[in-house]
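# Coordinates in review
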Amino acid sequence: MTKNRLRLPPLNAIKAFHAISRHGSIRAAADELLVTPQAVSQQIKLLEDTLQVALFERRGRSVEPTEAGLLLARYVEAGFEELAEGVRRVTQVKYQNRITLNVSPYFATRYLLPQLEDFRENLPGSDLRLTTMVETPDFKRDDIDVAVQWGYGDFGDLDSSLLLHDHKMICCAPELADQIKTPADLCAQRLLHPVLTNTLWQDILAFLGVEVADISSELAFHDAATMRRATMSALGVGLISRVDAMQDVQAGNLVAPLGEDLLSLMPEDQIPGFYLVLPRAHRRAEGIRQFCAWVCARDWSQRPD
């Protein structure tokens, strides 16, 4: 069964509304559109009649947007910007080759940045724009083409491919190590976990046979680097990515009080990872398709030092 699509108002009415919203004047909008003020007023009346809502209050020669007018203006402005970007991309080579990439900060600094030169050598004409947000972006609102996100692969309708498992080690500062002799001792400690998920410790404690309800306290961090520093500062017991944890343990900055391989046999679906994530339709763009092929072809477990 086909869903009924919302019938949009005439484009000329939307253009008139957009012009008035920016200028705050019917005459100025008419000058921009090269029509008479009467024609602009007629288009606004048509739009208001179509939507059955007042968009402006007339005050002499000026107009003031209503609350509905202000709300609609935001979406119309965003729509015209998106349309302009689409036109630029299909008519100008430099925009056709642009790829806006959002990457988990940890993956960006530890894995991606050292490898970007290889990508540029393989696709020399690409224009890569990099942002780092922890949360999965709104691809339309944030103007993101493709992302690399941390999680468990549950990204809704988005297309996702696992790049690398993020195996964790239970670590603490050396001064806390004597307090943790068995998994049950973790319940008396402050447990540090990422903001993106509060189930990681629960899964680990359940795997170790510890009652989750006995947790003393928790502290959440927005990114892995901050959690790592907090663990070194003895703020609590952290879950550190294994490649970093091994370096910190060898340097004497951290201790794995219950062993380095304690979590190695956890079920795979309970191990987070870094995923390539994007709307399926975005793969139709040649540059994005090539970038995805490059990312998925690499062995990200071989992290450069």
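Our structure's up above, just so we're on the same page.
These lines cover the structure that appears in this document, whether it is placed above or below. Not measured: the values here are computed from a predicted model. (Residues numbered from 1 in each chain as written. Predicted model: local features only at pLDDT ≥ 70, side-chain atom pairs only at ≥ 80, totals over all residues. Heavy atoms only, no water.)

### Here we look at the overall build of the chain
From N to C terminus, the chain includes 11 helices and 11 strands. Taking 305 residues into account, the globule formula puts the C-alpha radius of gyration at 19 Å, and the chain, at 27 Å, lies well above it. With respect to the principal axes defined by its C-alpha atoms, the chain has extents near 80 × 45 × 45 Å. Taking all 305 residues of the chain together, the buried fraction comes to 39%. Put simply, of all contacts in the chain between residues at least 6 apart along the chain, 72% involve residues at least 24 apart. Total accessible area on the chain stands at roughly 17300 Å², and carbon and sulfur atoms take up 51% of it. In the chain, which carries 32 positive and 41 negative side-chain charges, the distance between the mean positions of the two groups comes to 10 Å. (Helix = DSSP H or I, 4+ residues; strand = E, 2+ residues; numbered from the N terminus. Rg over C-alpha atoms; globule rule 2.2 N^0.38 Å. Buried < 20%, exposed > 50% of the residue type's maximum accessible area, 1.4 Å probe, protein only. Contact = heavy atoms within 4.5 Å. Areas by Shrake-Rupley, 256 points an atom, 1.4 Å probe, with all protein chains shown as cover. Lys, Arg positive; Asp, Glu negative; His and termini not counted. Charge placed at Lys NZ, Arg CZ, Asp CG, Glu CD.)

### A few points about the pattern of salt bridges
Pairs can form between side chains of opposite charge whenever their charged atoms are close. Counting across every chain of the model gives 14 salt bridges. When the shortest N-O distance is used, the salt bridge between D49 and K45 registers 2.9 Å. Of this pair, D49 and K45 both sit in helix α3 (residues 37–51), four residues apart, which is roughly one turn of that helix. Of the residues examined, D49 reaches a relative accessible area of 41% and is grouped as partly exposed. In this structure, R129 engages D127 in a salt bridge whose closest nitrogen and oxygen atoms are separated by 2.9 Å. On the basis of relative accessible area, R129 is assigned to the partly exposed category, the value being 37%. In this structure, a network of salt bridges that share partners links the residues R110, R228, D244 and D248. (Salt bridge = Lys/Arg side-chain N within 4 Å of Asp/Glu carboxyl O.)

### Examining the packing of aromatic side chains
Evaluated as defined, the whole model comprises 13 aromatic pairs. Ring centres of F107 and F274 lie 5.3 Å apart, and the angle between their planes is 45°; this geometry places the pair in the tilted category. Highlighted residues: F107 in helix α6 (residues 105–112) and F274 in strand β11 (residues 273–278), separated in sequence by 167 residues. No difference in accessibility class separates F107 from F274, as the two residues are buried. Site record: aromatic cluster; members linked through ring pairs are Y106, F107, Y111, F119, F274, F291, W294 and W300. Over the ring of W300 we find R298, and its NZ or CZ is 5.9 Å from the ring centre. (Phe/Tyr/Trp six-rings, centres within 6.5 Å; stacked < 30°, edge-to-face > 60°. Lys NZ or Arg CZ within 6 Å of the ring centre and 35° of its normal.)

### Structural notes on the sheet that holds strand β4 (residues 127–131)
Spatially, the five strands line up as an open sheet ordered β4-β3-β5-β11-β6, and their pairing is mixed. With partners counted over all chains shown, the strands left at the sheet margins are β4 and β6 (159–165), one partner each. Ignoring strand direction, the axes of neighbouring strands in this sheet form an average angle of 25°. Inspection of the sheet shows strand β3 (residues 98–103) paired to strand β5 (residues 146–151) by three bridges, in the parallel sense. Across the sheet, the residue bridging to N102 is A147, located in β5. Sheet contacts for helix α11 (residues 286–297): β3, β4, β5, β6 and β11; angle to β11, the most-contacted strand, approximately 165°. (Pairing = 2+ DSSP bridges. Axes fitted to C-alpha atoms, helices over the stretch in contact; angles between N-to-C directions.)

### Some thoughts on the side chain of D159
Position of D159 relative to the elements: it lies in strand β6. In terms of polar contacts, D159 uses its side chain to reach the side chain of R283, at 2.8 Å. Non-local contacts of D159, meaning those with residues more than four positions away in its chain, are made with L276, V277, L278, R280 and R283. (Polar contact = N/O pair within 3.5 Å; in protein donor to acceptor, adjacent residues only side chain to side chain.)

### Brief notes about α11
The terminal C-alpha atoms of α11 lie 16 Å apart, and with 12 residues this matches the ideal 16 Å at 1.5 Å per residue to within 8%. Among all positions of α11, only I288, F291, C292, W294 and V295 are buried. Mapping the buried residues of α11 onto a view down its axis gives an arc of 160°, with all of them on the same face. (Expected span 1.5 Å × (residues − 1). Arc of directions from axis to C-beta.)

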